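A structural walkthrough
Now for the letters of each chain:
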Amino acid sequence: MRRMAELQFASSDNSLGLLPEYNARVAVLKQLGYVDEVSGSVLLKGRVACEIRTVENTLLLLVVELLFSGYFMTLSPQELASLLSSFYFQEKITMDDEELFKGLPDSLVDALYHLEDSAESLVQAQRASGVQVTMEDASIKFGLCPVIYYWSLGQPFSKIAYMTDVLEGTIVRCVVRLEEGLRELCHAAKIMGDMEMAAKFEASAVSIKRDICFASSLYL
C-alpha cells in the first residue's frame, strides 16, 4: 500500500514542485495576450516573442510590450540603438543617471526613464499573478547608452571609448549583440506586419554595424 501511494503521488500534479509557478506564468501570458484564454494556443504576441532570442525572461516581455505599443516608433534609429543597448549591457557603473545622461537629447532621456517605469509595471503585474519575480530579473543597465548613441551617430571608436570606464572588449560585445538583437526585432516587426517599424530597426542596425566592432579580426 505504501508503494502504491508513492506511485500515485509521483504521477500526480502534486509531485510537480514547479507547477504553481508554471501556472502563474501561463496566467500572465494569457492576461497579456500571448496565449489564448480558452484554447491555450499561441497568439501573434507569442509568435513575435519566439523570434527574439537575444533577450530573455521579463526583459523579453518588456521588449514585446513596447513593440506592440508602438513606442519604438517615437524614437530615431540612433535613440533606438541607445535605448536597446540597456538589454545587452548588464554591468554596474559608478556614474549616476544625471551624470550619465548629460548631453543626451531630452527625448532619449525620457525614453530611458519610460523603459525603467515599464519594467517596474511589468514586474508588478507578474507578481500579482503569483510569479516569483524581482526587479533584479528586469534589471536594466544604462551604462553604455551614451556610448552607443554617439557610436550610432558615427563617432569613431577611439572617441567613444574615452566616454566610459567600461572595457573596450565589453563595448564591442555589446554592439555586436545589439546589432543581432535589432535584426531580430526587424524580423519580428515584419511578422507583425509593420514594415515601417521594421525599416526603423534595420536603419538602427545599419548605424552601429561598422569599423572595428565588426572587423573579422582585431589583429588585422
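Above this text is the structure in question.
The structure contained in this document is the topic of the report that follows.

**Concerning the pattern of salt bridges**
Under the criterion given, the structure shown has 5 salt bridges. Salt-bridge contacts for K45 lead to E65; the nearest nitrogen and oxygen are separated by 2.9 Å. Remark: E65 occurs in helix α4 (residues 57–69) and K45 occurs in helix α3 (residues 44–50); sequence separation between them is 20 residues. What makes K45 buried here is its relative accessible area of 13%. Among the charged side chains, a salt-bridge network with shared partners connects E179, R183 and E202.

**Some remarks on the packing of aromatic side chains**
According to the stated counting rule, one finds 5 aromatic pairs in the structure shown. Over the ring of F68 we find K45; its NZ or CZ atom is 5.7 Å from the centre of that ring.

**Describing the packing of helix α5 (residues 77–84) against helix α8 (residues 145–152)**
Axis separation between α5 and α8 bottoms out at 8 Å; the angle between their running directions is 150°. Relative to α8, α5 is oriented roughly antiparallel. Read as a crossing pair, α5 and α8 show a hand that is right-handed. Here α5 contributes P77, Q78, E79, A81 and S82 to the contact with α8, which in turn contributes C145, P146, I148, Y149 and S152. Class assignment for the residues of the contact of α5 with α8 results in 6 nonpolar, 3 polar and 1 charged.

Conventions and cut-offs
Residues numbered from 1 in each chain as written. Predicted model: local features only at pLDDT ≥ 70, side-chain atom pairs only at ≥ 80, totals over all residues. Heavy atoms only, no water. Salt bridge = Lys/Arg side-chain N within 4 Å of Asp/Glu carboxyl O. Helix = DSSP H or I, 4+ residues; strand = E, 2+ residues; numbered from the N terminus. Buried < 20%, exposed > 50% of the residue type's maximum accessible area, 1.4 Å probe, protein only. Phe/Tyr/Trp six-rings, centres within 6.5 Å; stacked < 30°, edge-to-face > 60°. Lys NZ or Arg CZ within 6 Å of the ring centre and 35° of its normal. Axes fitted to C-alpha atoms, helices over the stretch in contact; angles between N-to-C directions. Parallel < 35°, antiparallel > 145°, perpendicular 65-115°, else oblique. Left-handed = near helix turned anticlockwise from the far one by under 90°. Contact = heavy atoms within 4.5 Å. Nonpolar A, V, L, I, M, F, W, Y, C, P; charged D, E, K, R; others polar.

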